[in-house]
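Breakdown of the fold
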Amino acid sequence: MATRRKGLAFIGLGIVVVLATIVAGWSLQGGRTGFGPFQFFGIEVGIFLSLIGMGFLLLKPDDKVSLWKQFYALIEKILDWPKAVWVILAFLLLYVPFFLFPLFFAKNQIHYLTKYIPDAYITHIGFDIEAIVSRIQAWFVTGQSPYADGFIAYPPLAIALFAPLILIGYPAYFKLMTGLTLIAYLIAVWLIPSLVIPKDKRAILFLIFITGLFSYGLQFEVERGQFNLVVFSLCLFAIYLFHYYPRFRYFAYVLFSLAVQLKVYPVIFVVMFIENWKDWKSNITRLLGLGLLNFSLLFILGYPFFQDFLQAITAYQFDYQSSRYENLSIKAFAYYFSTNLFDASIASKASVWLEIFFFLLVGLSLWVTILVAWKKDMHGLNPCLLLVSTLAALIIPSVSNDYKLSILIAPVILFLSQETEIHVKSKKIIYIVLTFLTSLAYWSTFYPATVKPDFLDRNFPALFLMLMSVTVLNFLVPYTETIATNHSHR
């Protein structure tokens, strides 16, 4: 009976709205006949209400169920939604304010790509790769060290590997770097994840792979002629070989060392080269061996080059200060936050203490993630440790610009594609909330600062939120070897 009453009420309300609209429109037009937009709107609303009423009348009577039980059943269904639903919802939540509105509603003409990529002080693309090659060329012509002006701080082996690019010139080497970046994207974001993620769990892989091609970080990477994605693909492929093809571990060590010698920060991923967390003797021996190998490679161009490199990278890490919004490092955020919040007299000290605070939290997150891996005796590729290491690699170096965001795509895919079975309702709710926050923070990095509010123009807060969320999620998720053993060839 209650359902029938609701149906009749809606039908009656719909009829009233239709009649009231016609009478009101007739009165406003001075008794003239005819329909205007007001009458059409009112009639459409009335018909819509009447259709809802008809729906209630056609409902079959069922047992009385309390409103609370219906609500509880709805919550149960929502909690059982696949993880991909929450990832997509987070994407859509930011897609509207950061893409649709600034693209179509901000101005009469589309200006979304204006200042999309931060200014590089030049009129053409490929600034970073050209800066590297031009300094190497000056070294050959004048004998001046590539590190002389302190602009670059890449290891000596990187200088040697980039030297042949002088032979093909600009823009040929920029186009070559773009091609290598695309190949690296396919390897890191598609090939390796598709090898370790089961076929029926690849919805998130498809979504993030496609959207990643249009992400701000990847576009920035290509525009500068940077090679972070190339380096990361070498590192991730090395990790894959280490865990799934033990007989090729020699090549894994070579690829990892090459990555470290191109960009120093991949050294953070050395924690991924642990097979048995209980076998500390083998682990320490392996890590020390990799450390000695990579340290010796710093002398490949001689001791003077090693000194120049050491001086350049030390200056970058400890002396360099930047308030540019595209620098996503801890140092840059601490400096920016302190100078805007405190007086000049205490801003410098506050910046240092804020740096220490964030570094301690990053170190704690890494330590906790490693501790969980050790306690659960995890084997194979550990997606959580990989993502935490990637986030650390993004924010620890003092000069770490937004183009490095391209290395985040593959670890996010692997982490979010893990199978999870949480049966405790309270833990499941926390898990969904943290997964949603992680996804939301990740999707926010897809958009440039020019379309985001001031408090979101820097990507460090989003990355730090991801780091904290992922660390907590690692406790909630029961360990399964889905990722670890899906493609094992031991």
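In this report, we go over the structure that sits alongside the text.

Conventions used here
- Residues numbered from 1 in each chain as written.
- Predicted model: local features only at pLDDT ≥ 70, side-chain atom pairs only at ≥ 80, totals over all residues.
- Heavy atoms only, no water.
- Salt bridge = Lys/Arg side-chain N within 4 Å of Asp/Glu carboxyl O.
- Helix = DSSP H or I, 4+ residues; strand = E, 2+ residues; numbered from the N terminus.
- Buried < 20%, exposed > 50% of the residue type's maximum accessible area, 1.4 Å probe, protein only.
- Expected span 1.5 Å × (residues − 1).
- Contact = heavy atoms within 4.5 Å.
- Patch = residues over 30% accessible without salt bridge, like charges linked within 9 Å, V, L, I, M, F, W, Y side chains within 5 Å.
- Areas by Shrake-Rupley, 256 points an atom, 1.4 Å probe, with all protein chains shown as cover.
- Phe/Tyr/Trp six-rings, centres within 6.5 Å; stacked < 30°, edge-to-face > 60°.
- Lys NZ or Arg CZ within 6 Å of the ring centre and 35° of its normal.

**Some points on the pattern of salt bridges**
Pairing is possible between side chains that carry opposite charge, provided their charged atoms lie close to one another. One pass over the structure, following the stated rule, counts 5 salt bridges. Two residues, R324 and E326, come together in a salt bridge whose shortest N-O distance is 2.4 Å. A salt bridge links K331 to E355, with the shortest nitrogen-to-oxygen separation between them at 3.6 Å. A residue pair is termed long-range when its members are at least 10 positions apart, and K331 in helix 14 (residues 330-341) and E355 in helix 15 (residues 344-375) qualify at 24 residues. E355 matches K331 in its accessibility class, with the two residues each being buried.

**A word on helix 5 (residues 127-142)**
Relative to the 22 Å expected for 16 residues at 1.5 Å per residue, helix 5 spans 22 Å between its end C-alpha atoms, a close match to the ideal helical length. Taken together, the buried positions of helix 5 are occupied by D128, I129, A131, I132, V133 and I136. The inward-facing, buried residues of helix 5 abut helix 6 (156-162), helix 7 (172-196) and helix 9 (216-224). A positive backbone phi angle near 85 degrees is found at G143, which sits one or two residues after helix 5.

**Side note on a nonpolar patch on the surface**
Nonpolar side chains collect at one region of the surface, where L167, I168, L176, L180 and I183 lie side by side and expose about 490 Å² of accessible area between them. With respect to the element layout, L180 can be found in helix 7. Owing to a relative accessible area of 36%, L180 belongs among the partly exposed residues under this scheme.

**Side note on the packing of aromatic side chains**
All chains considered together, the criterion is met by 40 aromatic pairs. Ring centres 4.2 Å apart and planes at 25 degrees place the aromatic pair F299 and F306 in the stacked group. Members of the aromatic cluster, each reached through a chain of ring pairs, are Y240, Y244, Y245, F248, Y250 and F251. A cation sits over an aromatic face here: R249 above F242, 4.0 Å from the ring centre.

**Topic: unusual backbone geometry**
Where the residue is not glycine, phi is negative for most of them; where a peptide bond is considered, it is trans in most cases. The omega angle of the peptide bond from Y170 to P171 is 10 degrees, so this bond is cis rather than trans. Position of P171 relative to the elements: it lies in the loop between helix 6 and helix 7. Backbone geometry places D377, a non-glycine residue, at a positive phi of 50 degrees. Examined against the element boundaries, D377 turns out to sit in the loop between helix 15 and helix 16 (383-395).

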